[in-house]
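An overview of the molecular structure
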Amino acid sequence: MHELLLFASVPVHQHHGLLQQLAGLTAMQPRHALERRLIFKAFRKPGLITGRVGGSQDLQQASAGDLQRVNKMLNGGMFYTQVVGPVSNHDFAPTSKSVSTPDADTQMAGVDEPKPPAPAPSEAAHVYDYDQQTWKLEFRDIPEAATRSAVTTRVMASAALPRGDIEPSMNAWGYGFVTEYLVEGDVFIHNDIVIFLHRVLHYPTGEKEPREPRRNLPPLKKMAPLEKTGSYVLQASITVQDGSNQETMKTASQHLLGLREQLKSAVRLEPADRLSLDTRAK
Amino acid sequence: MAESFTLPLRPPPEQNERPDTLPVEIAQINNQWGSFREVNEEILLAKIAEEEKRHGAQQDEDMDEGEQEVGEIDPTERREQLYKRRHEITQFAMLVTSTLKGALERSAANECLNSKSHQETMLALDFISLLLSKHAPRQAETSMSPLLKQLAPLGSLDSDLVNPPPRPESSIKDISTVSRGWRIQNFNSASSKLLSAATRLNGEIESEIRYWGEVLAIKDKGWKVCRHPREKQALAVQYGFMEATPIFRDRGLASLRRANDGSLILDKGLLPTGARHVRVRVKQGDQVFVSSKPSGAGSSDADSIEQRILQARDSVFEEELFHELVREARAMAGCSVTTRQNLIRIPVSDEMEILLDLVDAETHDIALGQNGLQHDSRLTDGLAHAIRILLCFAHRQNLRRRTQIPRPLTTTRPATPEYHLLRPALAYLQHLSHVRWLESFLSDIYSTLRSAGLDIPQWTSNPYANWKPSSTSPPPAALEGLVEKFLRPIESVFSGKLLTSRGSFTVTVRTNLSSLPFGTLYDVSLDLPTVPDLRSPGRLGLKDDVETAITHLLLLDLVSTISSKTLPAVRDGQNANVSKEQTWDAVYPHLGELLLPNTNPEKHKKMKVALSRHEITLTTYIVRSIDGIGRGTCERRSHNAAAHLCKFPQSSVGAPSGQEYPSVMDFVVAEATEGHS
């Protein structure tokens, strides 16, 4: 699968207004999303067959090409990959008294949407259960180079993972845990385009960086945004099943560019710097 | 020429090529004096009076004095100056001419003088030529010396009239009169133009106020007012449904135009304006029932803009409803649903047919008056409401689907499935008829059993069991949960206890038209411990099968009840002191045959029980086989003993056997005792 993307930076003072505008554009309420993101890095397992280097003169040209391809697949790319686990507000350790509630102001007027039921008193004692946490593996390649179109294009793949402690499985597949962070934002759907207005939150500093995914979450209020000003990133993405089909790719990028045109007066959507989205492990 | 006067060397101030455009001037005036709206006659008069008061007096005096002075100077001094100058000029001209003449005369004599005069003449010629070259360059160029041409460009010298001579008194007066007349005329036309503009603006303001007032009223009522996406200048109101099929979604937008008097016009483009709605008719035998008109249509203030928007919204909803109904009806052609251009015909059963069509509101009224159509029918109204509720539900489902993370883009477009509008309604009707049939069957057969004096516990029914909110499950969080139930298979449960203890039966009727397996199925489960080899028939599709199964069960039940009945002890003829308790043996319970054994092998008595929906028949006769077992031709019925017959319910005419028994059990006991007597 391929993913086409456009990004924009949204200063924090514009955030609320943009939420309203996006709600109007997509005719839906923002869906609040909180995601744990664990970063894993591929490592080369010792004892892996590296294949023969050179010495392929006696082989036919075609099979030599095949061998090279297999070698490349086995040893060529080493990537960072991330494991995404959706969490909810209740999963975070409660702060002293007030439980953080979603901003009621973002309920847009004019759309009659039933509000989610208020958390029952029993849920106040809700405890985050790490063993029941669902996970999704998200692989993203480095964006394609030298594409003339004005969108970022990259190969992507996602897969569901078993619940609970994911680290042993990932280790077995040759990935080592690096770090984790939290993404907070709102999702909108506009036809085929997923609009994700989000920002990255860091776990509170001070405590020692653990060597494995956290089993407990700190209070949400204590999480600090990566960007000190608290600004958001607007990401508009569209996935394409078959990246080799030029026609669908063209349609997809046209959809994105159409969205850029629609949002022109609010934000400027741009393709991202290719190297800043490099996921290769060196 | 003696007087020195300064020549202006600067170019004369250029007149602005075009005067300021009207908007600029209006803006200037607005800035300086404020809006035109506040200008009226009193203010202008007050302003003029104020101006006059402030400057008027002294300025007028000053001007008068100045004019007087100028007037005094003019006639005397100016004329003197003029004459003096004219005199000087004539003198100079005479001098020049005389010199020229003299020079010419002397030219022949004096060559030196001649050359000098020639030079001067040429200089004069050059001077004149240069002066003229400003206005007639081509002509003047011919008379210019080459040296001059080199030194000075053409037209670099100009002349102008300085201190023009005063005009005569009469012409000045004429000019002033004419100009005053012009000015008055212009003022008149300007004022009339301003007045007409003012009235026009007033009208415009009023109509604009009215227009915006109405727009705001619409907005306050909660309608979405936006800029028209195709016409940038127009406002539009959105009344359609966001989740409808795209064609109908886009139709839910009408521009709000302003009539000349400022009233609001709802401009829907080329769409028809009349109200239309889906009419449901049910033909039952000869009778035709019609659904009532949707409420809201044809209310008192039909002309208010709010009402027109509502009507437009209803129309677009009804049209979408009909569109979706036709789409679904086409998919249901397998259920012998037929569609025509504007009619859907659904045969429900032999004598019942549903007709759906899209009609104008007026047609509805006209049609109502004729053909003996009947208005109030719970079925038609219920059907009409159901399809509308289900369309709203489909809209909500669309919203839910739309806000999910979309699937990756592929070349093939996912087909939009038909909504479930007719199918749930039809499923309900079908289910209803099956449930009614089962109810009537059970009540028939139970009343037959009761008439035979059997004390069978009443059967219970639980129609639409899965629609009822169960107490354990939480109430549906949203409206969708409520409607979603109706799309699931409909289920009704019938259960009953039997005469035999621990015996029971359960019939579950399940109708499903939304997904496989289609149609109505009966799930029959039987439990009769006295007949261990009885198997539940499981799923049955036909009513007859169900009837047979239940009748058979009740027959078995009856047989086992009879066989368990302890007969009163009979005294044996030969052996008086031996009394033995006897029972009917259920030899062939599935055939309803029982046997009363007798010591005399020729005198076994057999009873045959037959049960149908309306009748129980018991027959007893003597068989002559040794043990009494054997059926049909093998059973060796004794011919000399007449069969005893007992039928329930007893007909009023009287049983042919002539003997009346109040209940089955009485007959059973009587027959048993008779067999031994």
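The residue numbers shown here count from 1 along each chain, following its written sequence. Each chain takes a letter, starting from A, and each ligand takes a number, starting from 1, following the order in which they are written. Where totals are concerned, whole chains, interfaces and linings use all residues; where local detail is concerned, this predicted model gives features only for residues with pLDDT of at least 70, and gives and counts side-chain atom pairs only at 80 or more.

Considering the overall build of chain A
Counting secondary structure elements, chain A contains four helices and nine strands. When its helices and strands are written in sequence order, chain A yields β-α-β-α-β-β-β-α-β-β-β-β-α. To assign burial, the other C-beta atoms lying within 10 Å of each residue's own C-beta are counted, with C-beta atoms placed from the backbone; 20 or more indicates buried, 12 or fewer indicates exposed, and intermediate counts indicate partly exposed. Within the span of chain A, comprising 282 residues, buried residues form 20% of the whole. With C-beta atoms placed from the backbone, a contact is any residue pair whose C-beta atoms sit within 7 Å. Across chain A, the fraction of contacts at a sequence separation of at least 24, relative to all contacts at a separation of at least 6, is 80%. Per the convention used, a helix needs a DSSP run of H or I reaching at least four residues, while a strand needs a run of E reaching at least two, with both numbered from the N terminus.

Considering the overall build of chain B
A tally of regular secondary structure across chain B gives 14 helices and 21 strands. Here chain B holds 677 residues, and 20% of them are scored as buried. Long-range contacts, defined as pairs at least 24 residues apart, comprise 55% of the intrachain contacts of chain B with a sequence gap of at least 6.

So, the environment of W212 of chain B
All names here are of chain B. Within the secondary structure, W212 sits in helix α6 (residues 169–220). With 14 C-beta atoms packed within 10 Å, W212 lands in the partly exposed category. Between the C-alpha atom of W212 and that of R258, which follows or precedes it by 46 residues, the distance is 9.3 Å.

Here's the deal with the sheet that holds strand β18 (residues 593–596) of chain B
Residues and elements named next belong to chain B. One open sheet accounts for five strands, arranged β17-β18-β19-β20-β21; its pairing is antiparallel. With partners counted over all chains shown, the strands left at the sheet margins are β17 (585–588) and β21 (644–648), one partner each. The mean angle between the axes of side-by-side strands here comes to 25 degrees, regardless of whether they run parallel or antiparallel. Note: two strands are recorded as paired if DSSP finds a minimum of 2 bridges between them. As paired strands, strand β20 (residues 616–623) and β21 are joined by five bridges and run antiparallel to one another. Across the sheet, T619 pairs through a bridge with L645, a residue of β21. For helices, the axis comes from a line fit to the C-alpha atoms of the stretch in contact; other axes are also lines fit to C-alpha atoms, and the angle between any two N-to-C directions lies between 0 and 180 degrees. Lying on the sheet, helix α13 (residues 543–564) is in contact with β17, β18 and β19 (604–611); it crosses β19 at an angle near 150 degrees.

Observations regarding the nonpolar core
Across soluble globular proteins, nonpolar side chains have a tendency to be buried as a group. All names here are of chain B. To count as a nonpolar core, a set of buried Ala, Val, Leu, Ile, Met, Phe, Trp, Tyr and Cys residues must be joined through C-beta atoms within 7 Å. Within the largest apolar cluster, 42 residues are counted, with the highest numbers of intra-cluster contacts made by V237, L325 and I387. Considering every element that reaches this core, the biggest residue donor is helix α8 (residues 305–331), with eight residues. Residue assignment places this core across two domains, with domain 1 (272–399) and domain 2 (422–554) each supplying three or more. Formed by 39 residues, the second largest nonpolar core is a distinct cluster that contains V507, L526, I550 and I562. As used throughout, domain bounds are those supplied by an automatic or database domain assignment.

Describing the interface of chain A and chain B
Taken together, the contact between chain A and chain B spans 19 residues of the former and twelve residues of the latter. Residue assignment for the side of chain A that touches chain B shows that the elements contributing at least two residues are β9 (232–240) and α4 (246–262) of chain A. Of the residues forming the side of chain A that touches chain B, the biggest block, four residues, is contributed by α4 of chain A. Split by residue class, the side of chain A that touches chain B holds ten nonpolar, six polar and three charged. When residue character is reported, Ala, Val, Leu, Ile, Met, Phe, Trp, Tyr, Cys and Pro are called nonpolar, Asp, Glu, Lys and Arg charged, and the others, Gly included, polar.

Observations regarding the packing of α8 of chain B against helix α10 (residues 378–402) of chain B
Two quantities define a packed helix pair, namely the angle between the axes and the distance from one axis to the other. Residues and elements named next belong to chain B. Remark: α8 packs on α10, axes separated minimally by 11 Å, with the N-to-C direction vectors making an angle of 95 degrees. In terms of orientation, α8 lies roughly perpendicular with respect to α10. Where α8 approaches α10, its residues L321, E324 and L325 are matched on the opposing element by I387, R388 and L391. Classifying every residue of the contact of α8 with α10 by side-chain character gives four nonpolar, no polar and two charged. Angle categories: roughly parallel below 35 degrees, roughly antiparallel above 145, roughly perpendicular from 65 to 115, and oblique for all the rest.

Comments concerning the sheet that holds strand β4 (residues 264–267) of chain B
Residues and elements named next belong to chain B. Taken together, the four strands give an open sheet; going across it, the order is β1-β2-β3-β4, and neighbouring strands pair in antiparallel fashion. Every interior strand has two partners, whereas the edge strands, β1 (224–227) and β4, have only one. For this sheet, the mean angle separating the axes of adjacent strands, direction not counted, is 35 degrees. Bridge count between β1 and strand β2 (residues 235–238): four bridges; the pairing is antiparallel.

Considerations on the environment of P166 of chain B
Mapped onto the elements, P166 of chain B comes out in the loop between α5 (146–151) and α6. In this structure P166 of chain B comes out as partly exposed when scored by C-beta crowding, with 13 C-beta atoms within 10 Å.

Thoughts on unusual backbone geometry
Residues and elements named next belong to chain A. In this structure, A27 is a non-glycine residue whose phi angle is positive, near 55 degrees. Relative to the helices and strands, A27 resides in the loop between α1 (12–26) and β2 (31–42). Not every positive phi belongs to a glycine, and N191 is a case in point at roughly 55 degrees. Within the secondary structure, N191 sits in the loop between β6 (175–190) and β7 (193–202). C-beta crowding within 10 Å serves as the criterion here: with 12 such atoms nearby, N191 is assigned to the exposed category.

Topic: the confidence of the model for chain A
All names here are of chain A. On average, residues of chain A carry a pLDDT of 80, and 76% of them reach 70 or more. Counting interchain partners and residues more than four positions distant, the pLDDT-below-50 stretch residues 97–106 has eight contacts. The pLDDT score gives, residue by residue, the confidence of the prediction method on a 0 to 100 scale. Segment residues 109–124: pLDDT under 50, and nine contacts once partners within four positions in sequence are set aside and those in other chains are kept.

With respect to the pairing of β2 of chain A
All names here are of chain A. Note that β2 and β6 share twelve bridges and pair antiparallel. By the bridge assignment, L38 is partnered in β6 with E180. Summarising the sheet, β2 and strand β3 (residues 80–87) pair through eight bridges and their orientation is antiparallel. Along β3, the bridge assignment pairs F40 with T81.

Side note on the packing of helix α11 (residues 422–451) of chain B against α13 of chain B
Residue and element names in this part refer to chain B. Remark: α11 packs on α13, axes separated minimally by 11 Å, with the N-to-C direction vectors making an angle of 25 degrees. One way to sum up the angle between α11 and α13 is to call them roughly parallel. For the pair α11 and α13, the sense of crossing is right-handed. Across the interface between the two elements, W437, F441, I445 and L449 from α11 touch K543, E547, T551 and L554 from α13. Helix crossings fall into two classes, left-handed where the near helix is turned counterclockwise from the far one by less than a right angle and right-handed where it is turned clockwise.

Remarks on the pairing of strand β13 (residues 519–527) of chain B
Residues and elements named next belong to chain B. Only one face of β13 is buried: it carries T520, Y522, V524 and L526, and the other face, with G519, L521, D523, S525 and D527, is open. Sheet topology note: the β13/strand β14 (residues 538–540) ladder contains three bridges and is antiparallel. Paired with Y522 across the bridge in β14 is L540.

What about the environment of P489 of chain B?
Residues and elements named next belong to chain B. In this structure, P489 sits in the loop between α12 (479–487) and β11 (490–497). Judged by local crowding, P489 falls into the partly exposed class, with 16 C-beta atoms found within 10 Å. The spatial distance from the C-alpha of P489 to the C-alpha of W467 is 9.7 Å, given a sequence separation of 22 residues. If near-sequence neighbours (up to four positions away) are discounted, P489 is found in contact with R510, T511 and N512.

Quick look at the confidence of the model for chain B
Residue and element names in this part refer to chain B. Per-residue confidence for chain B gives a mean pLDDT of 79, with 81% of residues at or over 70. Confidence, read as mean pLDDT per element, is least for strand β15 (residues 570–571) in chain B (52) and greatest for α6 (92). Taken together, the stretch residues 572–578 has pLDDT below 50 and engages in two contacts with residues farther than four places along the chain or on a different chain.

Notes on α4 of chain A
A rise of 1.5 Å per residue sets the reference length of α4 of chain A, with its 17 residues, at 24 Å; its end C-alpha atoms lie 24 Å apart and thus fit the reference within 8%. Looking at the packing, one finds that the buried side of α4 of chain A touches β1 (2–10), β7 and β9 of chain A. Expected span of a helix, by definition, is 1.5 Å for each gap between consecutive residues, and there is one gap fewer than residues.

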